[in-house]
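Analysis of the macromolecular model
If you want the building blocks of each chain, they are given just below.
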Amino acid sequence: QVQLEDSGGGLVQAGGSLKLSCAISGHIPTPNTVGWFRQAPGKNHKFVAGIGWAPDSTHYAHGVEGRARVSRDNAKRTASLQMNDLKPDDTAVYYCAMVRGRFVYEDVGSYEFWGQGTQVTVSS
């Protein structure tokens, strides 16, 4: 089993930045892909960004391109999502998730393991 622990959320003013972290432990499959999703109140999970097994294999959702940067450190078993120029519409619970394989998927159902989520609130 794989355990993912999200952290780094908080309250930030519009235009500010946050760095979310994902600590990964357990029987980690290799290769694997880490995805970041968010869920706003009353809405479904939406893909934000993902990083494949190769650190330069990244993919971003429309709307966060240029404001988000996803990274990973396989040796430290961590992944991160840096969000800049935050907007009130970015307010949501953010989750990291993992799927076996090398490729980034946008589909929520593709991911096997999930963190507990971390709240990001952006004030105007």
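Further up the page is the structure itself.
Being a predicted model, the structure only gives us computed values, none of them experimental.

1. Focus: the packing of aromatic side chains
- Taken as a whole, this structure holds 5 aromatic pairs when the rule is applied.
- Here Phe37 and Tyr111 contribute two aromatic rings whose centre-to-centre distance is 5.1 Å and whose plane-to-plane angle is 75°, an arrangement assigned as edge-to-face. Of the two residues, Phe37 sits in strand S4 (residues 32-39) while Tyr111 sits in the loop between strand S9 (92-100) and strand S10 (113-114), which places them 74 residues apart along the sequence. The two residues Phe37 and Tyr111 agree in class, both being buried.
- Ring geometry for Phe37 versus Trp114: centroids 5.1 Å apart, planes at 50°, classification tilted. Of this pair, Phe37 sits in strand S4 while Trp114 sits in strand S10, and the two are 77 residues apart along the sequence.
- Connected via pairs of aromatic rings, a cluster forms that spans Phe37, Phe47, Tyr95, Tyr111 and Trp114.

Conventions and cut-offs
Residues numbered from 1 in each chain as written. Predicted model: local features only at pLDDT ≥ 70, side-chain atom pairs only at ≥ 80, totals over all residues. Heavy atoms only, no water. Phe/Tyr/Trp six-rings, centres within 6.5 Å; stacked < 30°, edge-to-face > 60°. Helix = DSSP H or I, 4+ residues; strand = E, 2+ residues; numbered from the N terminus. Buried < 20%, exposed > 50% of the residue type's maximum accessible area, 1.4 Å probe, protein only.

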